[in-house]
Amino acid sequence: MPQISIPKEMNSKIAVVILNYNGEKLFPVFLPSVIKHSNNDFTEIIIADNASIDNSIHYLKQNYPQIRRIELTQNHGFAEGYNQTLEIIKKEKQFDYYILLNSDVEVTQNWLNPIIEIFEKDTEKNISAIQPKIRMHAQKHLFEHAGAAGGMIDYLGYPFCRGRIFDTLEEDKNQYNNQIPIFWATGAAMAIRVEVYHKLGGLDKDFFAHMEEIDLCWRIHHTGKKIVYCPESIVFHLGGGTLNPMSERKTYLNFRNGLTLLLKNLPSKNLFFKIYFRMLLDGIAGIKFFLDGKPKFTLAILKAHFYMYANLTSILKKRKANQQKFGKLKLPSMVYSKSIVWQYFAKKNKTYDKLEN
């Protein structure tokens, strides 16, 4: 891979912001690569602690006293944790770009430069956010669940990626080495313009964790701006660093936030039909969990639906706020017009290149 250098005359400033919660064991594995490959005159690494109850703060003080720490007083979750952290940073120092980086991500040499070069060449500021290539930390030849080679979504709000559909991970054979517009950039390693983040109000704190980055990216699309995938930048993600990927809690958040995402952002045409159909598919998933001997996961889906009923008024208020801010809500052109559930489970099209147009 050719070396891409950030121009010496560049005055832009980059904040690599790592939100930590009980990640003491992750620091010695992942933090050294971030320090080694993000050390330049334009970049500052900042660790925000979400009121960890392990020895994270003590470990950082002892081993990385040079890294700036922001200590939050309670665990606000991923969304509000970042919102509060970035508000603090904004008031104290001027940056041009934030990179939201999970504490369980290993970065590689030259990971920052291609991303910043894309931003710097985009003088019209049409590109609001960028995602690097995400591969698995444990099996580095495979794409990783959270982002892979760029996030996509179908018309019912089911997210998938180039290189990852549901639980099928593709091997990286350079088949997705083209820079393209994508629907969403992973929160595990998202580069975003500072002005865009704050102008759009940041992440929705009510999501707490999971899909909040998709909601933010959808709002970017409402502004007519783009999110792109940068294949020259490669990082490796462990996944499940703070929440077990097979937990009932994660299942609840994914189903709850998926419905909220649609109610906030879908165009009015056929809105409630799509919500109804989505909930029907959720019910089928719940039955499958029950038959597989996982009744707690079925209960998590039921709880997600009851959350929507109980909070429908507040969610619709957010939808109205989107309409007032962005005008008539439209479906971005890269939304997959077919059902990814049908393609994957019925048609057995398990990889991105096999999906029917």
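Residues numbered from 1 in each chain as written. Predicted model: local features only at pLDDT ≥ 70, side-chain atom pairs only at ≥ 80, totals over all residues. Heavy atoms only, no water.

Asker: Honestly, the overall build of the protein chain in this entry has me stumped. Any pointers?
Answerer: Along the protein chain, the regular secondary structure elements total 11 helices and 13 strands. Against the compact-globule benchmark of 21 Å for 357 residues, the protein chain has a radius of gyration of 20 Å, which places it among compact chains. With the C-alpha coordinates of the protein chain rotated into their principal frame, the extents come out at 55 × 45 × 45 Å. Looking at the protein chain as a whole, 57% of its 357 residues are labelled buried. With an accessible surface of roughly 16600 Å², the protein chain has 53% of that area assigned to carbon and sulfur atoms. Positive and negative side-chain charges in the protein chain, numbering 47 and 35 respectively, have mean positions lying 6 Å apart. (Helix = DSSP H or I, 4+ residues; strand = E, 2+ residues; numbered from the N terminus. Rg over C-alpha atoms; globule rule 2.2 N^0.38 Å. Buried < 20%, exposed > 50% of the residue type's maximum accessible area, 1.4 Å probe, protein only. Areas by Shrake-Rupley, 256 points an atom, 1.4 Å probe, with all protein chains shown as cover. Lys, Arg positive; Asp, Glu negative; His and termini not counted. Charge placed at Lys NZ, Arg CZ, Asp CG, Glu CD.)

Asker: Help me out: how do you make sense of empty space enclosed by the protein in this one?
Answerer: Space left empty within the atom packing is revealed by a probe, the size of a water molecule, rolled over the atoms. Considering all chains together, one arrives at one cavity of 30 Å³ or more under this definition. Space inside the largest cavity adds up to approximately 40 Å³. What lines the largest cavity is I18, F27, F30, L31, V34, L101, N102, S103 and V105. Secondary structure elements with two or more residues in the lining of the largest cavity: α1 (27-37) and β4 (97-102). Among the elements that take part in the lining of the largest cavity, α1 stands out by supplying four residues, more than any other. When its residues are assigned to classes, the lining of the largest cavity shows seven nonpolar, two polar and no charged. (1 Å grid on protein atoms, 1.4 Å probe; cavity = no way out; pocket = protein on both sides within 12 Å on 5 of 7 lines; lining within 4 Å. Points joined across faces, edges and corners; volume = space filled by probe spheres on them. Nonpolar A, V, L, I, M, F, W, Y, C, P; charged D, E, K, R; others polar.)

Asker: Honestly, the side chain of H305 in this entry has me stumped. Any pointers?
Answerer: Following the sequence through the fold, H305 ends up in helix α9 (residues 295-310). Residues contacting H305, with those up to four places away along its chain left out, are L259, M279 and D282. (Contact = heavy atoms within 4.5 Å.)

Asker: Can you help me understand the packing of helix α8 (residues 271-291) against α9 in this one?
Answerer: In a packed pair of helices, the relevant descriptors are the angle between the two axes and the axis-to-axis distance. Running from N to C, α8 and α9 point in directions that differ by 160 degrees, and their axes come no closer than 7 Å. When the axis of α8 is compared with that of α9, the two are roughly antiparallel. The two elements α8 and α9 cross, and the hand of that crossing is left-handed. Between α8 and α9, the contacting residues are I275, M279, D282, A285, G286, F289 and F290 on the first element and P295, F297, T298, I301, H305, M308 and Y309 on the second. (Axes fitted to C-alpha atoms, helices over the stretch in contact; angles between N-to-C directions. Parallel < 35°, antiparallel > 145°, perpendicular 65-115°, else oblique. Left-handed = near helix turned anticlockwise from the far one by under 90°.)

Asker: Explain the layout of surface pockets here, please?
Answerer: Taken as a whole, the second largest pocket holds about 240 Å³ of empty space. For the lining of the second largest pocket, the secondary structure elements donating two or more residues are α5 (194-199) and α10 (312-326). For the lining of the second largest pocket, the leading source of residues is α5, giving three residues. Residues that form the lining of the second largest pocket fall into these classes: three nonpolar, two polar and seven charged.

Asker: Help me understand the nonpolar core in this model?
Answerer: Nonpolar side chains in soluble globular proteins tend to end up buried together. Core analysis: the largest hydrophobic core is formed by 75 residues, its most contacted members being Y82, L86, I89, Y98, I192 and Y197. Residue contacts for Y82: discarding those within four places in its chain leaves V17, I18, L19, L100, L101, Y197 and L203. Counting residues in each nonpolar core, the second largest holds 33 residues, with L31, L112, I118 and V235 among its members. (Core = buried A, V, L, I, M, F, W, Y, C linked by side-chain atoms within 4.5 Å.)

Asker: What is the right way to read the environment of E106 from this model?
Answerer: Looking at where E106 falls in the secondary structure, it is placed in strand β5 (residues 105-107). Owing to a relative accessible area of 18%, E106 belongs among the buried residues under this scheme. Linking E106 and V34, residues 72 residues apart in sequence, is a C-alpha distance of 6.8 Å. Aside from chain neighbours lying at most four places away, what touches E106 is F30, S33, H137, K140, V235 and F236. A polar side-chain atom of E106 sits 3.1 Å from a polar atom in the side chain of H137. (Polar contact = N/O pair within 3.5 Å; in protein donor to acceptor, adjacent residues only side chain to side chain.)

Asker: How should I be thinking about unusual backbone geometry in this particular structure?
Answerer: Phi is mostly negative for residues that are not glycine, and the peptide bonds are mostly trans. Positive phi, close to 55 degrees, is recorded for N22, a residue that is not glycine. Its relative accessible area of 27% is what places N22 among the partly exposed residues. Residue F166 is not a glycine yet carries a positive backbone phi of 50 degrees.

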